[in-house]
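# Descriptive structure summary
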Amino acid sequence: MLSSRKALAVLVAAALPMQAFAADASFQLDGHISTLGGGLELSVPFSDKFDARLGFNQFKFSTTQNSGGLNYKGDLKMSSVGLLADWRPWSGVTHLTAGAIFNGNKLAMSATTTPGFYNINGQPYYSNGGDTVNTNVEFNKVAPYLGFGWSGNPHKKGFSFTSDIGILFQGSPKATVTTTGPWGGANTTQLASDAQNQLNNDLKNFKIYPVVSLGIGYAF
């Protein structure tokens, strides 16, 4: 009988560090919808106060932008990968977050003229109609991120809601412009340069991008 109790005690003692290791090795997977698109994210805890997250986001939608009297229409293709670190100052559901977003977002737009004058970057241009301006807009490939939110601790198994609110410092968007059509005999190389400068100026307010994310996670 005594030997059985000793054997049980040995098994319990051996199981305790294994359970601790299992808790340290747990992870959380969540699906979310955010202003960066929809995606998945993997969280790995390092302690009760710190964990790291790796995730991706994808989305596509149509958008418009008026610049220099031209009404641009196109598609924003959102694609990003985030590498983030959370600090839980009270070892609870509240976290402060810092990290980097690898930004593959791209905006492709075009504008087709109707007959009339267009004031592009302070310069007048006349079109008989049917001329086009085509642009591709890109962002800094790596953008710092700061934010906060609430989520279940990856140490604790089960479902939890996840949320994040933050700012992506993506820098001023950079436009590349080409034109087609005669544009009333204007210097189309200069026109493209003026349209590019006008667009870059109009888009500079997007260098800071707000991020709001909601999701559901499960810790294994």
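Every value quoted in this text rests on a predicted model; they were computed, and no experiment measured them.

## As for the overall build of the protein
Along the backbone of the protein there are 2 helices and 13 strands. Sequence separation of 24 or more characterises 66% of the internal contacts of the protein that already satisfy a separation of 6 or more. Accessible surface for the protein amounts to roughly 12200 Å². Of this, 66% is attributable to carbon and sulfur atoms.

## Overview of the pattern of salt bridges
The tally for this structure, following the rule as stated, stands at 5 salt bridges. For the salt bridge of Asp51 with Arg88, the shortest nitrogen-to-oxygen distance reads 3.0 Å. Note that Asp51 is positioned in strand 3 (residues 50–67) and Arg88 in the loop between strand 4 (70–87) and strand 5 (94–103), a separation of 37 residues in sequence. Each of the two residues, Asp51 as well as Arg88, counts as buried. Glu138 is the salt-bridge partner of Lys141, the closest N and O atoms lying 4.0 Å from each other. Three or more residues are tied together by salt bridges with common partners; here these are Glu41, Arg53, Asp86 and Asp164.

## Overview of the confidence of the model for the protein
On average, the protein scores 87 in pLDDT, and the residues at 70 or more come to 88%. Here helix 1 (residues 2–24) stands out as the element of the protein with the lowest mean pLDDT, 41, in contrast to strand 5, whose mean of 97 is the highest. This model gives residues 1–25 a pLDDT under 50, and the stretch forms 4 contacts once residues within four places in sequence are excluded.

## Brief notes about helix 2 (residues 188–203)
Compared with an ideal rise of 1.5 Å per residue, which puts 16 residues at 22 Å, helix 2 spans 22 Å between its outermost C-alpha atoms and is within 8% of the ideal. Taken residue by residue, helix 2 has Leu191, Ala192, Asp194, Ala195, Gln198, Leu199 and Leu203 as its buried positions. Across the axial projection of helix 2, the buried residues extend over an arc of 165°, all falling on one side.

## Focus: unusual backbone geometry
The backbone of Asn121 shows a phi angle near 55°, a positive value even though the residue is not glycine. With respect to the helices and strands, Asn121 occurs in the loop between strand 7 (116–120) and strand 8 (123–127). With a phi close to 50°, Trp183 is a non-glycine residue in the positive phi region.

## Brief notes about the pairing of strand 3
Where strand 2 (residues 37–45) meets strand 3, 8 bridges bridge the pair, whose relative direction is antiparallel. In the sheet register, Gly39 faces strand 3, and the bridge partner there is Asn57. Strand direction decides the pairing type here: strand 3 and strand 4, joined by 18 bridges, are antiparallel. In the strand pairing of strand 4, Ser62 is matched with Asp75. Linking two consecutive strands that pair antiparallel, namely strand 3 and strand 4, is a turn of 2 residues; a positive phi of about 65° is found at Gly68 within it.

## What to know about the pairing of strand 4
In this structure, strand 4 lies alongside strand 6 (residues 106–112), joined through 5 bridges in antiparallel fashion. For Lys73, the partnering residue across the bridge sits in strand 6 and is Ser110. Of the strand pairs in this sheet, strand 4 and strand 5 are connected by 8 bridges, and their pairing is antiparallel. Following the sheet pairing, Ser80 is matched in strand 5 by Asn103. Between strand 4 and strand 5, which pair antiparallel one after the other, the connecting turn spans 6 residues, and Ser91 there sits at a positive phi close to 55°.

## Here's the deal with the packing of aromatic side chains
Taken as a whole and assessed by the stated rule, the structure comprises 7 aromatic pairs. Ring geometry for Phe27 versus Phe220: centroids 5.2 Å apart, planes at 25°, classification stacked. Residue Phe27 is located in the loop between helix 1 and strand 1 (28–34), and its partner Phe220 is located in the segment after strand 13 (208–219); the two are separated by 193 residues in the primary sequence. Taking relative accessible area as the criterion, Phe220 reaches 43% and is therefore assigned partly exposed. Between Phe59 and Phe61, the aromatic rings sit 5.9 Å apart at their centres with planes inclined by 35°, giving tilted as the arrangement. Relative accessible area serves as the criterion here: at 33%, Phe61 is assigned to the partly exposed category. Every member of this aromatic cluster is reached through a ring pair, and the members are Phe27, Phe159, Tyr218 and Phe220.

Calculation rules
- Residues numbered from 1 in each chain as written.
- Predicted model: local features only at pLDDT ≥ 70, side-chain atom pairs only at ≥ 80, totals over all residues.
- Heavy atoms only, no water.
- Helix = DSSP H or I, 4+ residues; strand = E, 2+ residues; numbered from the N terminus.
- Contact = heavy atoms within 4.5 Å.
- Areas by Shrake-Rupley, 256 points an atom, 1.4 Å probe, with all protein chains shown as cover.
- Salt bridge = Lys/Arg side-chain N within 4 Å of Asp/Glu carboxyl O.
- Buried < 20%, exposed > 50% of the residue type's maximum accessible area, 1.4 Å probe, protein only.
- pLDDT = per-residue confidence, 0-100.
- Expected span 1.5 Å × (residues − 1).
- Arc of directions from axis to C-beta.
- Pairing = 2+ DSSP bridges.
- Phe/Tyr/Trp six-rings, centres within 6.5 Å; stacked < 30°, edge-to-face > 60°.

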